[in-house]
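One letter stands for each residue in the lines below.
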Amino acid sequence: HAVNTDLYTKAEEFIRLFYYEQQLSGVEDRLDEIRQSIDEEGTYTHTSTELEFGAKVAWRNSNRCIGRLFWDTLRVFDARHLDTPEAMRDALYDHIDYATNGGRIRSTITIFKPETEEHQVRLWNHQLIRYAGYEENGTVTGDPASVGFTKRCQQLGWQGEGTAYDILPLVIEADHEQPQWFEIPQEKILEVPLRHPDFDWFKDLKLKWYAVPIISDMRLEIGGLNYTAAPFNGWYMETEIGARNLADEFRYDLLPAVAEAMGLDTRRNASLWKDRALIELNQAVLHSYQTDGVNIVDHHTAAKQFQRFEQKENKCGRQATGDWTWLIPPVSPAATHIFHSSYENRMDSPNYFYQTPAYE
Ligand code: HEM
Ligand SMILES: N=C(Nc1cccc(CNC[C@@H]2CCCN2)c1)c1cccs1
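Since we're looking at a predicted model, the values are computed, not measured.

**Digging into the site of ligand 1**
Moving on, step 1. In the region of ligand 1, 16 residues are neighbours, and Trp 59, Arg 64, Cys 65, Phe 232 and Tyr 354 sit closest.
Moving on, step 2. Residue Trp 59 places a side-chain N or O atom 3.4 Å away from a nitrogen atom belonging to ligand 1.
Moving on, step 3. Within the contact set of ligand 1, an oxygen atom lies 3.2 Å away from a side-chain nitrogen or oxygen of Arg 64.
Moving on, step 4. Residues belonging to the shell around ligand 1 are distributed by class as follows: 10 nonpolar, 4 polar and 2 charged.

Below is the structure:
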C-alpha cells in the first residue's frame, strides 16, 4: 500500500500543479477519480491535456538544457494506445518526418504507454538517428560511441554497410519480448555535408552530420507514472557537433586533421592549434546547416535565449533551476553569462531521467 500512497502523493502534486498553472476548476473531482483508480487498479491514466502539460514542464525542469526558452512550444504526440512493435515503428517514422520538416525542425515528443508491473516499452537506441561504429583490431569506423549498440544490432541480425556513416536501425522492445529492429528509410534521414565559408579545402574532408537529434533512451516521469519510451527532439547547438561529436578524441577525433589542413603547428600546445581548429570546425557546422536551411543555434545565441528563459521564469514567480556544469557551452564558456551565474541543481517533477540501460 505504501507504494500506492507514494503514487497518489506524486499524482496529487502533479494534478494540483496542472490545475493551478492552467487556471482550471474541479481539481478535487479529478483527484477523487485518480484516488479511486489507484485503489482499484494500482495506477491511473493521464488525460491528453495532462500528458501534454507534463511533457512540457518536464522540459522546463531539465536542468542541463540550455534550450528551455521554447518549453511551451513542444509538440506532443500521444502514442499510448499503440500496442505492436510495427505500430510503434510507424509512429517513430512519423516523428522523424514531422520533426525534420525539410530542415525547419519542430520540437516534438512521442509518448508511448507508461510502464506497469505487467509491461514496459523500451527503445534501445540512444537517439533515433545515429551513426554505427565498427571496431576492427583497434581502429573504429564510424562513431566510437555506437560500438556497443552496433554489436547488439548485429547480434539481432542487422547488417550495416560498414561505412563511417551507416544509420543504425530502430530497436523496439515491448513487454520483455524479443526486441525487433527496423531500418529507417534513407529518404527520411536529412543530413548536412560540412563545408567552410572561407576554407575551400574543408569539403575535401568529406564530413557530414545528421540534422535532427532525437533522444530516445530517457524516462519521462509525470505525476508518479514512468514513460520509459518517450523520444524527444529539438535542434542542435553547433558545439555539440563541432566541439564534441566530431572533436572528442574518443569520438571522431578530427582536430588534428583540421589543424594540419590549416597548416598549424600541432607539435606545440602553445600554438593553440586545438583552439583554432575548434573554432573553424564549429564555424563550418554553423555555415553548412544555415546554408542548407536546417535549424541550428550558435552557443552565444543559445545562451542569450537561456537568459530570456531565466527572466521569463522569474516573471512567473519561479526561479530557473540548472546544472551549471552542463549549461556552459564547451567553446568560450566564459563569454556567456551562464559561466558567471549560479543555479540550484534541484530535480523538480515532471522531468526526464536516465534509466537502466535496456541492453548489456
Ligand atoms: C529546441 C532546441 C533545443 C536545444 C538547442 C537544446 C540544447 C541542449 C543541449 C546543448 C544540451 C546538452 C546536451 C549535451 O551536452 O550532450 C541539452 C540537454 C538536454 N535537453 Fe535540451 N535542447 C533543446 C530542446 C530540448 C527538448 C525539446 C527537450 C525535451 C522535451 C530537451 C531536454 C533536454 C534534456 C533532458 C537534456 C539533458 C540530457 C542529459 O542529461 O543527458 N531539450 N539540450
Ligand atoms: N540538442 C540536443 N542535444 C541533446 C539533448 C539531450 C541529450 C543529448 C545527448 N547527450 C549525451 C551526450 C553523450 C554524453 C554527453 N553528451 C543531446 C537535443 C536532443 C533532443 C532534444 S534537444
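Moving on, there is more to tell.
**Section: the coordination of the iron atom of ligand 1**
Moving on, step 1. Inspection of the coordination sphere of the iron atom of ligand 1 shows a single protein donor, Cys 65 (SG), at 2.4 Å.
Moving on, step 2. Examined against the element boundaries, Cys 65 turns out to sit in the loop between helix 3 (48-60) and strand 1 (75-78).

**Overview of the packing of helix 6 (residues 238-245) against helix 8 (residues 273-291)**
Moving on, step 1. Close contact between helix 6 and helix 8 brings their axes to 9 Å; oriented N to C, the two are set at 140°. Crossing of helix 6 over helix 8 shows right-handed handedness. Of the residues in helix 8, those touching helix 6 at Glu 238, Thr 239, Ile 241, Gly 242 and Ala 243 are Leu 278, Leu 281, Asn 282, Val 285, Leu 286 and Tyr 289.
Moving on, step 2. Split into classes, the residues belonging to the contact of helix 6 with helix 8 amount to 7 nonpolar, 3 polar and 1 charged.

**As for the sheet that holds strand 6 (residues 170-174)**
Consider a sheet: its strands pair through backbone hydrogen bonds, and that pairing is either parallel or antiparallel.
Moving on, step 1. The strand order 3-6-7 describes an open sheet built from 3 strands, whose pairing is antiparallel. Two strands bound the open sheet, and with one partner strand each, they are strand 3 (121-123) and strand 7 (180-182). When strand polarity is set aside, the average angle formed by the axes of neighbouring strands in this sheet is 20°.
Moving on, step 2. The pairing of strand 6 with strand 7 spans 3 bridges and is classified as antiparallel. Across the sheet, residue Ile 172 finds its bridge partner in strand 7, namely Gln 180.

**Brief notes about the sheet that holds strand 13 (residues 232-233)**
Moving on, step 1. Strand order in this open sheet of 4 strands is 1-2-13-10, and the pairing throughout is mixed. The open sheet terminates on both sides in strands that have one partner only, identified here as strand 1 and strand 10 (214-215).
Moving on, step 2. Relative to strand 1, helix 3 is tilted by about 135°, and along the sheet it contacts strand 1 and strand 2 (108-111).
Moving on, step 3. The strands touched by helix 4 (residues 85-100) within the sheet are strand 1, strand 2, strand 10 and strand 13, with strand 2 carrying the most contacts at an inclination of about 170°.

**Side note on the site of ligand 2**
Moving on, step 1. All residues adjacent to ligand 2 are His 126, Pro 213, Ile 215, Phe 232, Asn 233, Gly 234, Trp 235, Tyr 236, Glu 240 and Trp 326.
Moving on, step 2. At 2.9 Å, a backbone N or O of Trp 235 approaches a nitrogen atom of ligand 2.
Moving on, step 3. A distance of 2.6 Å separates a nitrogen atom of ligand 2 from a polar atom in the side chain of Glu 240.
Moving on, step 4. A total of 520 Å² of accessible area belongs to ligand 2 in isolation, and the protein chains cover 64% of it.

**Here we look at the nonpolar core**
Moving on, step 1. Counting residues in hydrophobic clusters, the biggest one holds 54 residues, and the most contacted among them are Phe 112, Ile 129, Leu 194, Trp 209, Ile 241, Leu 246 and Tyr 289.
Moving on, step 2. Contributions of two or more residues to this core are made by helix 4, strand 3, strand 6, strand 9 (208-210), helix 6, helix 7 (255-261) and helix 8.
Moving on, step 3. Of all the elements, helix 8 adds the most residues to this core, at 8 residues.
Moving on, step 4. In this structure, Leu 194 is in contact with Phe 202, Lys 203, Leu 207, Lys 208, Leu 246, Val 285, Ser 288 and Tyr 289, ignoring residues within four places of it in sequence.
Moving on, step 5. Leu 7, Ala 58, Ile 215 and Ile 328 belong to the second-largest nonpolar core, a separate cluster that totals 44 residues.

**Notes on the pairing of strand 5 (residues 139-142)**
Moving on, step 1. In the sheet, strand 4 (residues 133-136) pairs with strand 5 via 4 bridges, with the strands oriented antiparallel. Opposite Gly 133, over in strand 5, you have Gly 142 as the bridge partner.
Moving on, step 2. Taking the residues that link successive antiparallel strands as the turn, the strand 4-strand 5 hairpin has 2 residues, and the phi of Asn 137 there is positive, at about 20°.

**What about the side chain of Asn 351?**
Moving on, step 1. Structurally, Asn 351 is set in strand 16 (residues 351-353).
Moving on, step 2. Of note is the side chain of Asn 351, whose polar atom sits 3.0 Å from the backbone oxygen of Asn 61.
Moving on, step 3. Of note is the side chain of Asn 351, whose polar atom sits 2.9 Å from the backbone oxygen of Asp 348.

**A few points about the pattern of salt bridges**
Moving on, step 1. Tallying each qualifying case throughout the model produces 28 salt bridges.
Moving on, step 2. A salt bridge links Lys 203 to Asp 204, with the nearest nitrogen and oxygen atoms 3.9 Å apart.
Moving on, step 3. The exposure class of Lys 203 is partly exposed, given its relative accessible area of 42%.
Moving on, step 4. Residues participating in the shared-partner salt-bridge network are Glu 21, Arg 60, Glu 313 and Arg 318.

The rules behind these values
- Residues numbered from 1 in each chain as written.
- Chains lettered and ligands numbered in written order.
- Predicted model: local features only at pLDDT ≥ 70, side-chain atom pairs only at ≥ 80, totals over all residues.
- Heavy atoms only, no water.
- Near = heavy atom within 4 Å.
- Polar contact = N/O pair within 3.5 Å; in protein donor to acceptor, adjacent residues only side chain to side chain.
- Nonpolar A, V, L, I, M, F, W, Y, C, P; charged D, E, K, R; others polar.
- Donors = N, O, S within 2.8 Å, 3.2 Å for Na, K, Ca; no water.
- Helix = DSSP H or I, 4+ residues; strand = E, 2+ residues; numbered from the N terminus.
- Axes fitted to C-alpha atoms, helices over the stretch in contact; angles between N-to-C directions.
- Left-handed = near helix turned anticlockwise from the far one by under 90°.
- Contact = heavy atoms within 4.5 Å.
- Pairing = 2+ DSSP bridges.
- Areas by Shrake-Rupley, 256 points an atom, 1.4 Å probe, with all protein chains shown as cover.
- Core = buried A, V, L, I, M, F, W, Y, C linked by side-chain atoms within 4.5 Å.
- Buried < 20%, exposed > 50% of the residue type's maximum accessible area, 1.4 Å probe, protein only.
- Salt bridge = Lys/Arg side-chain N within 4 Å of Asp/Glu carboxyl O.

These figures capture arrangement, not role.
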